[in-house]
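Now for the letters of each chain:
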Amino acid sequence: MSDPDVVRALLERHGTTFAEDAGIHLADEPAPLWRLLVLTLLLSTRIRSATAVVAARALSDAGWTTPARMRDSPRRQRVAVLGRAGYRRYDERTATRLGELADAVLDRYDGDLRRLRDHVRDDTDGADGAGDARVVERALQGFAGIGPGGAAIFCREAQGVWPGLAPYVDDLAARGAERLGLPAADDELARLVSPGDLPRLVAACVRAARDPAVVADVTGHRDG
């Protein structure tokens, strides 16, 4: 299969972002960016990604779609929602972390994560996308519960609405691209799709890195 054929099949069969799976219509606006950060925190826990996506939807369904609403929610209600979503081993700690996350976003960015991006622009002073991404990663890791892996999750998803991050292809996505026979370099992979489809392609590559069945489904060959 040619690279365009692989990409076409990959996007058709596995090309939803994790934000889309969680019901987040991502835009450069405070509420969807906050919801993406919540999803990032949940995906950073040692739990199946499908459970994290379900929990993110449940938290949004509870109405906690802004940092202020999350901060003002009773902790016991957060614990109950997380438990029903499958977080019973981590519900207490994650409920606390969500409250801390809300406090941090309100204190540092007045509840608007676009201010994090704007601070990055000031700090990088016209640096390239890679420079922007490194500063965003560091800022994200300043939130309790979000480490390098979580920062990568946020940047992979947000690059569609924060073009300064693009092309963002972390090591996990690059490994998936290699297993699919696609170029692993960020600029080469990005050239295979439109800018709007890059987050979808990167998310699909992550799935290929984690699940050999995705590789087999797309290419017809099971990755060893």
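Residues numbered from 1 in each chain as written. Predicted model: local features only at pLDDT ≥ 70, side-chain atom pairs only at ≥ 80, totals over all residues. Heavy atoms only, no water.

A. Up close: empty space enclosed by the protein. For the structure on display, the rule yields one cavity of 30 Å³ or more. Taken as a whole, the largest cavity spans an internal volume of roughly 50 Å³. Ala22, Ile24, Arg35, Val38, Ala56, Leu59, Ser60, Trp64 and Met70 together form the lining of the largest cavity. For the lining of the largest cavity, the secondary-structure elements that each account for two or more residues are α3 (30-43) and α4 (49-61). Considering each element in turn, the lining of the largest cavity owes the most residues, three residues, to α4. Broken down by class, the residue content of the lining of the largest cavity amounts to seven nonpolar, one polar and one charged. (1 Å grid on protein atoms, 1.4 Å probe; cavity = no way out; pocket = protein on both sides within 12 Å on 5 of 7 lines; lining within 4 Å. Points joined across faces, edges and corners; volume = space filled by probe spheres on them. Helix = DSSP H or I, 4+ residues; strand = E, 2+ residues; numbered from the N terminus. Nonpolar A, V, L, I, M, F, W, Y, C, P; charged D, E, K, R; others polar.)

B. Fine view of the packing of aromatic side chains. Following the criterion strictly, the structure yields two aromatic pairs and no others. Measuring from ring centre to ring centre gives 6.4 Å for tyrosine 109 and phenylalanine 143, while their planes differ by 70 degrees; the resulting arrangement is edge-to-face. Placement of tyrosine 109 in helix α7 (residues 91-109) and of phenylalanine 143 in the loop between α9 (129-140) and α10 (148-158) is noted, with a sequence separation of 34 residues between them. Here the two residues tyrosine 109 and phenylalanine 143 agree in accessibility, since each one is buried. (Phe/Tyr/Trp six-rings, centres within 6.5 Å; stacked < 30°, edge-to-face > 60°. Buried < 20%, exposed > 50% of the residue type's maximum accessible area, 1.4 Å probe, protein only.)

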